[in-house]
Amino acid sequence: MKTSTPYDPENPFRAAVTNSASTENIPSPSRTSSGRNTMQDVSLDEGDKHEDDKLPDEQEVDETIKKEFEDLAATGKWGSVSRKEVICVVATVILLLVGVTVAIVLLVGGGSDSSNMLAHSQAPTEAPTGLTVAFASAMDEYTHLKKALALNVLTKEIHLPKNSSELRALSQYEDDPFVSAAAWIFFKDPDNLIEGSLERFALVSLYYAWNGDEWSDYQKWLNPQLHVCDWTGVTCGVDDAGSKLVTELDLSNNNLAGTVPPTLAMLEGLTALRLGDNHLTGRIEGEVFRSLEKLTLLELQHNEFIGRLPKTMRGPSLESLHVEFTGVYGTWPFCDNPMKNFTMDCGFVPCYCCDSSNCVTV
């Protein structure tokens, strides 16, 4: 039986018609001890849940993650953390893992294996005996040369151009033996070898300083296809490390002209230097010859030097010195520590510790 319910303006959502017979058959909602409505358990099915059925906490987490992804796409940041910071953290973790892995391998390998791995992981401090190593580029060799010149007290006043363009221009328009030698090293030295690089520069600078194009014999000099040890008058030896170095230089009677350049001091392995019977001029720069600590023989006779014979020219190993008819004068300065073999023009260089064998006359 249906009964009509009057319209209630204060409760417009109240049902207008009530089926009393039906309501008698519908079970009334009951609550469990936990307070949940058992009617909801009956009507809901787990397979039909939607996003709206999630708990409030789950919905809040989803919204937060969604917002973080939106921020990452728009600003490059994950919340308050930037993409760069994330990358740095990931890279740091990877490096730590690599380091731990290497350490474990070294510890597990043990003995000679770990030592070998460590040795190969480090850059070598010097080349093995007999191994020829080159500079990475001509500019690297040029930079090495400039630093070496600056560190040597005798060559620190030699200033080379800053770059290759200036070097090329100056070498073409200025008569500077050091610039010309540097240009040859930079543009014509094909191998850029580390071994003997400073000696190559020193020898080439001697060529330009002593008017090499006018020498009696210059054919093999400045030949980039030959090692400097094959140049005329150059003799090489081998040092304790197995590297070649110039030990003797014989340019006597070869029409040399000019002054002795400070770059001669860069031939540190010289034991014998023969420059007699040429046209060398200027003062004998004692410090240049003194710096050649291994030099035992020095021949300067029959040249055109000026000034006094300097006592400072004697190095720790010099035992044979020949300076007759060189144009120098003054008392022989080495009587307090006589040499084994020496000659001079006693008319210009009087010597109270000499005998007739030391005095050379015309």
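Conventions adopted
- Residues numbered from 1 in each chain as written.
- Predicted model: local features only at pLDDT ≥ 70, side-chain atom pairs only at ≥ 80, totals over all residues.
- Heavy atoms only, no water.
- Helix = DSSP H or I, 4+ residues; strand = E, 2+ residues; numbered from the N terminus.
- Contact = heavy atoms within 4.5 Å.
- Areas by Shrake-Rupley, 256 points an atom, 1.4 Å probe, with all protein chains shown as cover.
- Phe/Tyr/Trp six-rings, centres within 6.5 Å; stacked < 30°, edge-to-face > 60°.
- Buried < 20%, exposed > 50% of the residue type's maximum accessible area, 1.4 Å probe, protein only.
- Lys NZ or Arg CZ within 6 Å of the ring centre and 35° of its normal.
- Pairing = 2+ DSSP bridges.
- Patch = residues over 30% accessible without salt bridge, like charges linked within 9 Å, V, L, I, M, F, W, Y side chains within 5 Å.
- Salt bridge = Lys/Arg side-chain N within 4 Å of Asp/Glu carboxyl O.
- Axes fitted to C-alpha atoms, helices over the stretch in contact; angles between N-to-C directions.

Caption draft 1: View of the overall build of the protein. Looking only at helices and strands, the protein has 10 helices and 13 strands in total. Put simply, of all contacts in the protein between residues at least 6 apart along the chain, 43% involve residues at least 24 apart. Split by element, the accessible area of the protein, about 22800 Å² in all, is 54% carbon and sulfur.

Caption draft 2: The packing of aromatic side chains, seen in detail. Within this structure, the stated rule accounts for 10 aromatic pairs. Residues Tyr-207 and Trp-215 carry aromatic rings whose centres are separated by 5.0 Å and whose planes lie at 65° to one another, so their mutual orientation is edge-to-face. With respect to class, Tyr-207 is no different from Trp-215; both count as buried. Between Trp-332 and Phe-342, the aromatic rings sit 4.9 Å apart at their centres with planes inclined by 15°, giving stacked as the arrangement. With Trp-332 in the loop between strand S12 (320-322) and strand S13 (341-343) and Phe-342 in strand S13, this residue pair connects regions lying 10 residues apart in the sequence. Through a chain of ring-to-ring contacts, three or more aromatic side chains come together here, namely Trp-184, Tyr-207, Tyr-208, Trp-215, Trp-221 and Trp-231. Of note, Arg-168 hangs over the ring of Phe-187, and the distance from its end group to the ring centre comes to 4.0 Å.

Caption draft 3: The pairing of strand S6 (residues 244-250), seen in detail. Looking at chain direction, strand S5 (residues 234-238) and S6 are connected through 5 bridges and run antiparallel. Its bridge partner being in S6, Val-238 is matched across the sheet by Lys-244. Where S5 folds back onto S6 in an antiparallel hairpin, the turn is made up of 5 residues, including Gly-242, whose phi is positive at roughly 90°. Relative to strand S8 (residues 272-274), S6 is paired through 3 bridges, and the arrangement is parallel. Across the sheet, residue Leu-249 finds its bridge partner in S8, namely Leu-273.

Caption draft 4: Examining the sheet that holds strand S9 (residues 279-283) more closely. With respect to topology, 3 strands assemble into an open sheet ordered S7-S9-S11, the strand pairing being parallel. The open sheet has two edge strands with one neighbour each: strand S7 (257-258) and strand S11 (304-306). Here 2 bridges tie S7 to S9, and the two strands are oriented parallel to one another. For Ala-257, the partnering residue across the bridge sits in S9 and is His-279.

Caption draft 5: Structural view of a nonpolar patch on the surface. A surface patch of nonpolar side chains, amounting to about 390 Å² of accessible area, comprises Val-86, Val-90, Ile-94, Val-98 and Val-102. With respect to the element layout, Val-90 can be found in helix H4 (residues 83-109). By relative accessible area, Val-90 is classed as partly exposed at 44%.

Caption draft 6: A look at the sheet that holds S12. In space, the 6 strands of this open sheet follow the order S5-S6-S8-S10-S12-S13, with mixed pairing throughout. The strands lining the two open edges of the sheet, one partner per strand, are S5 and S13. Neighbour-to-neighbour, the strand axes of the sheet open up by a mean angle of 20°, direction not taken into account. Strands S5 and S6 of the sheet are contacted by helix H9 (residues 197-209), whose axis makes an angle of about 20° with S6.

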